[in-house]
Amino acid sequence: MPEIPELEAIRGFFNEHLPGRAIAEAEARIPVVFRTGAAAIRETLPGDTFGAVGRHGKFLLFGLGSGRVLAINPMLTGRFQYVEATTKLAAKTCLRLEIAGGRSFRYRDDRLMGKIYLVGSDQLGLIPNWTENGPDLLDPALDEGRWLARIKKYRGQIKSVLTRAEFVQGIGNAYADEILWEAKINPYVPRTKLDDEQLRELFRSARAVMAWAAPLVRANMVKGETLDYEERREFMRVHRLGGKACPRCGATISEITANQRITSFCRTCQPELPA
Ligand SMILES: [Zn+2]
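Predicted model only: the values in this text are computed from it and were never measured.

## Comments concerning the domain arrangement of the protein
- Domain annotation of the protein identifies domain 1 (4–126) and domain 2 (144–213 + 234–265).
- Between the C-alpha centres of domain 1 and domain 2 the distance comes to 31 Å.
- On the domain 2 side, the residues contacting the 4 residues of domain 1 number 6 residues.
- Classifying every residue of the side of domain 1 that touches domain 2 by side-chain character gives 2 nonpolar, 1 polar and 1 charged.

## Re the packing of helix α5 (residues 173–183) against helix α6 (residues 196–221)
- Two elements in contact, α5 and α6, have axes whose closest approach is 8 Å; the angle formed by their N-to-C orientations is 125°. In terms of axis orientation, α5 runs oblique to α6. Both α5 and α6 take part in a crossing whose hand is right-handed. Residues Tyr 175, Glu 178, Ile 179, Glu 182 and Ala 183 of α5 touch α6, and the partners they reach there are Glu 201, Leu 202, Ser 205, Ala 206, Ala 208 and Val 209.
- Tallied by class, residues from the contact of α5 with α6 come to 7 nonpolar, 1 polar and 3 charged.

## Some words on the sheet that holds strand β8 (residues 115–120)
- With antiparallel pairing, 4 strands are arranged side by side in an open sheet as β2-β3-β4-β8. With one partner strand each, in any of the chains shown, β2 (50–56) and β8 form the two edges of the open sheet. Across this sheet, the average inter-strand angle for adjacent strands is 20°, counted without regard to direction.
- Direction of pairing for strand β4 (residues 68–73) relative to β8: antiparallel, over a ladder of 6 bridges. Looking at β8, one finds that Arg 68 is bridged to Gly 120.
- Its contacts with the sheet place helix α1 (residues 4–17) against β2 and β3 (59–64), and it is angled at close to 170° to β2.

## As for the pairing of β3
- Pairing analysis gives 5 bridges linking β2 to β3, with the strands arranged antiparallel. Directly across from Val 53, in β3, lies its bridge partner Phe 62.
- Counting the residues in the hairpin turn of β2 and β3 gives 2 residues, including Gly 57, whose phi is positive at 55°.
- Pairing of β3 with β4, which is carried by 4 bridges, proceeds in the antiparallel orientation.

## Quick notes on the sheet that holds strand β5 (residues 78–84)
- The strand order across the open sheet formed by 6 strands is β1-β6-β7-β5-β10-β9, and the pairing between neighbours is antiparallel. In this open sheet, the two strands that pair with only one neighbour each are β1 (23–28) and β9 (222–223).
- Sheet analysis places strand β6 (residues 93–99) next to strand β7 (residues 103–109), joined by 6 bridges and oriented antiparallel. Directly across from Leu 95, in β7, lies its bridge partner Tyr 107.

## A look at the nonpolar core
- Counting residues in each nonpolar core, the largest one holds 69 residues, and the members touching the most others are Ile 10, Ile 41, Ile 171, Ile 179, Leu 180 and Ala 206.
- With 9 residues, the single largest contributor to this core is α6.
- Both domain 1 (4–126) and domain 2 (144–213 + 234–265) contribute no fewer than three residues apiece to this core.
- Once you skip the residues sitting within four places of it in the chain, Ile 41 turns out to touch Ala 26, Ala 28, Phe 34, Leu 95 and Leu 118.

About the cut-offs
Residues numbered from 1 in each chain as written. Predicted model: local features only at pLDDT ≥ 70, side-chain atom pairs only at ≥ 80, totals over all residues. Domains from an automatic or database assignment. Contact = placed C-beta atoms within 7 Å. Nonpolar A, V, L, I, M, F, W, Y, C, P; charged D, E, K, R; others polar. Axes fitted to C-alpha atoms, helices over the stretch in contact; angles between N-to-C directions. Helix = DSSP H or I, 4+ residues; strand = E, 2+ residues; numbered from the N terminus. Parallel < 35°, antiparallel > 145°, perpendicular 65-115°, else oblique. Left-handed = near helix turned anticlockwise from the far one by under 90°. Pairing = 2+ DSSP bridges. Core = buried A, V, L, I, M, F, W, Y, C linked by C-beta atoms within 7 Å. Buried ≥ 20, exposed ≤ 12 C-beta atoms within 10 Å, placed from the backbone.

Listed below in structure tokens is the structure:
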């Protein structure tokens, strides 16, 4: 699942390449992902021009000259491409936008769980859960004090809290493991057992992990003028590295699968707290 580092790398690339470019042709190929209808994409995007590209939680927000926004949440398996127009279409390509000047913007999604909305820039609140969800992890207004006040409203295991969009947006299963490893906190500890300093450390670790990962992710998906995003995370230090040595202490990394989610952690660096 793309999380903040992947989405930020994609946003950064498109912000360098799309603003000011006109859409010559729009093909909505697999209707199920178009939550505001495929016809509007097909009929009203050609002739429109890309503006700035933003991000809010798991949504990439492609501003348009018409004052609308193409909002895309790739969910688990949505992938973006920016390639030569002659590049062969990948399977499950849902959206293809031909850009004036010869490039092709594509969104493909193997499991078709992604969601694409075309709305006015003042209508983002109509997207389900938009207003109920918490701030983005990288929101400048989210400082350590606000993080501390927010996180204390949640009980349950700390990893589950970190991945709840109502608390904070943008952290998924993979980077939650990396953040907890960075902070030396056991993923199964109840939030209520962590003291203020540990909760503050989690904030600092969350921001640090995002800053560390972003350039690594970008190097994987961007080659010159081309973006081709496949999920490659060989740089990770703990997530999905069960059985390997912890890069900090050398102990064997543990891996537990529950509810179809893998949790990887180091029992030495991230010990269970005394009862
Ligand atoms: Zn360790």
